[in-house]
Amino acid sequence: MKEKIKSAKVLCVGAGGIGCELLKTLVLSGFEDIELIDMDTIETSNLNRQFLFRRKHVGESKAKVAADSVRAFRPNAKIVAHQGNVKESKFDKEFFQKFLLVLNGLDNVEARRHVNRLCLSAGIPLIESGTEGYLGQVTVHYRLKNAAGEATHVTECFECAPKQSRNKTYPVCTIRNTPDKPIHCIVWAKELLFARLFGRPDQVTDLDENKNKEGEGDGKEEGPSVFLRQDGESADAYAARIFKRVFTEDIENVLKMEDLWKNRDPPTPLRLDSILGQSSSAASDTHGAASNGTAAAHSNGGLQAAGDSACKALGLTDSHRVWNLRENAQVFLESIRQFLEGRPGEVGEAVFDKEDDLAVEFVTAASNLRAAAYGIPQQSLFNAKGIAGNIIHAIATTNAIVGGLIVIEAMKLLAGAPEHSKATFILKHITNPKMKRLLNAVSPGEPSPKCAACGTARLELVIDTHTTSLGQLIDKVLKKRLSLVEPTVRTDGGFEYEEGEGLDEDEVEANRGRLPLMLDALPGGGLGHGMTAHVEDQVQEFKVAIEITHKDDWDEEAHPEGFILGGSVPPSAPTANGDTSVAAGPSAPAAVSDGDDDDLIIVEAPTLAQQQRDAKGKQKRENEDEEAPRKRQRAVQQSDNVIELD
Ligand SMILES: Nc1ncnc2c1ncn2[C@@H]1O[C@H](COP(=O)(O)OP(=O)(O)OP(=O)(O)O)[C@@H](O)[C@H]1O
Ligand SMILES: [Zn+2]
């Protein structure tokens, strides 16, 4: 066994939180022949858990530094480091075939799918992993054959299990009118108010619709311009006016919708003057003046309009302490002032960024003020940042357990004992008191014939074939959703689109010229309703037939992507209301996350009656929460970046 371990050539993909633990445990267990791929360089924020890196390494390649650090205590280990994206074509099937095992320590679904497909095509077992705070898992995926080429041990591949969406959606009327959780206030502050005040002025947000769309308030037509700074308006006067608009007047207006408050506690409008009070601190004096509408020039009583932090200016240094109402109001006003005066160039095009202190401070204060109006618990800056940025803090111990489990599973395969392979889930709480276990190990799942990666699935795509171009199909569906890197598309009518290396310049040019064509207008009869696109990625050896169903008249809020991708259910013609049976396909890969960091979608909610029904249903679901641990485990498998609501 020792010899087998010593000579086994293994590939580690990812040298981050899991990768560092894995590499260390591998070499301490006797592995000596390792190649390591990571595309990133070291950041300061990695140092708390990626212990092969030191401050002096910040900016250097993770793969190279990890290999060097390990060599320092295991000089015999042969470690080859590659700084690069595992999707690069040099890491192809032949490259993968050099290895006995592939071990993943990645953090996104796209790269995991890509490695899964290469392992399938190269016939190399994959040990896959993920962590999310206290939760984590290690799964094994292989198709082992005997000398005669017959399959002896086969498990599911990484893509066999239907993926759960990690998009969190919130009905827009909950966000706009009836928030009842901190997350609702944070989404409002980040997606609506921040975007309205500092983002592109021409974008319409749900905040604008407050008055004119549903006939609320005075019914006056009102565009986004109320949120624009008026000529000659000082930053302080503007901030105070916005405060009054969103925390006083908008709340007063929503109170007039009496139906909403029959079964709910109504909110209380906030008044800036009474919050800031008459008491005197440098900050409140100046802002108090502004709030009275006097638009006094800012006296700058020790405050800097540097545009980097309202908290610094106000002396709020403890990010774990929840601010009181007055502090929230001060941060709200000061952060607006700093935006306008410290970063005038960004106003009108800012996009929320969780690493931007001022933006996070603004969102924290705005959401806390809204929470105060609605009687919802308020959040510390630290917590609000985590929620707004979809951050779940990584736990070094979870990564260490996962690294250890990967090595254990690797050893079972090297020992020729795949019957002992386990998929292991690390739980946060003991869910089954009889078992008293935090590690839940189960047999690997069976492969799914419906899997597009390892099975013989056909997919169905419901899309508007009149208005979707080939380029959009390739970007949105094939690359983003299906994680293909260099797709080829063929139709039954003989049309062909190709990309990738090996094409000469004329061919590249000709293919590029086809991208703007609409699907149903492609040469050779088009790719319209009922037709099939034969899609392939040569590097991944991924091949799938996609049956096209045409549908016009899309509800953008229900399907913001503008298409529905379904499993192997035969496509049906669109019905009168535009629904198709495809959307409900159980294995619909449509639910797979797109891997973006920011996954909040706000959706239009139907009616009050429906909301009330939903509320009842939610109560019921909360009572039936036994399924929760399993669902959470599934979510970990897909990503490491979801919102933890509780
Ligand atoms: N396509 C890819 N090719 C190569 N390496 C990848 C690819 N995708 C992700 N990785 C690497 O996988 C590692 C994942 O590690 P981890 O989850 O700890 O993320 P991190 O970026 O180091 O940390 P954080 O996201 O918390 O800043 C990263 O080092 C990242 O560079
Ligand atoms: Zn599969």
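Here's a quick rundown of the structure. (Residues numbered from 1 in each chain as written. Chains lettered and ligands numbered in written order. Predicted model: local features only at pLDDT ≥ 70, side-chain atom pairs only at ≥ 80, totals over all residues.)

Spatially, the eight strands line up as an open sheet ordered S3-S2-S1-S4-S5-S6-S10-S11, and their pairing is mixed. In the strand order of this sheet, the two ends are held by strand S3 (78-83) and strand S11 (439-442), each with one partner. Going across the sheet, the axis of each strand differs from the next one's by a mean of 15°, ignoring polarity. (Pairing = 2+ DSSP bridges. Helix = DSSP H or I, 4+ residues; strand = E, 2+ residues; numbered from the N terminus. Axes fitted to C-alpha atoms, helices over the stretch in contact; angles between N-to-C directions.)

Within the open sheet, the six strands sit side by side as S14-S13-S15-S16-S12-S17. Their pairing is mixed. Two strands bound the open sheet, and with one partner strand each, they are strand S14 (496-497) and strand S17 (563-566). Direction of pairing for strand S12 (residues 458-463) relative to S17: antiparallel, over a ladder of four bridges. Considered in S17, the bridge of isoleucine 463 is made with phenylalanine 563. Its contacts with the sheet place helix H17 (residues 470-481) against S12, strand S13 (487-491), S14, strand S15 (532-537) and S17, and it is angled at close to 45° to S17. (Contact = placed C-beta atoms within 7 Å.)

All right, on to the site of ligand 1 then. Taken together, 21 residues form the shell around ligand 1, and within it Gly14, Gly16, Gly17, Asp40 and Asp107 come nearest. Mapped by element, the contributors of at least two residues to the shell around ligand 1 are helix H2 (17-28) and strand S2 (33-38). Each residue belonging to the shell around ligand 1 can be placed in one class, and the counts come to seven nonpolar, eight polar and six charged. (Near = placed C-beta within 6 Å. Nonpolar A, V, L, I, M, F, W, Y, C, P; charged D, E, K, R; others polar.)

Let's shift gears to the pairing of strand S16 (residues 542-550). As paired elements, S12 and S16 share six bridges and run parallel to each other. Paired with isoleucine 463 across the bridge in S16 is histidine 550. Pairing analysis gives six bridges linking S15 to S16, with the strands arranged antiparallel. Across the sheet, valine 535 pairs through a bridge with valine 544, a residue of S16. The antiparallel pairing of S15 with S16 creates a hairpin that spans four residues between the two strands, and glutamate 541 there sits at a positive phi of about 50°.

Looking now at the nonpolar core. Among the nonpolar cores identified, the biggest contains 89 residues, and Val10, Leu36, Ala66, Leu101, Val102 and Leu103 are the most heavily contacted of them. Counting residues per element, this core draws most heavily on helix H16 (residues 396-414), at eight residues. A domain-level breakdown of this core finds at least three residues from each of domain 1 (2-162 + 393-442) and domain 3 (458-586). Contacts of valine 10, omitting those with residues within four sequence positions, involve Phe31, Ile34, Phe99, Leu100, Leu101, Leu103 and Ala410. (Core = buried A, V, L, I, M, F, W, Y, C linked by C-beta atoms within 7 Å. Buried ≥ 20, exposed ≤ 12 C-beta atoms within 10 Å, placed from the backbone. Domains from an automatic or database assignment.)

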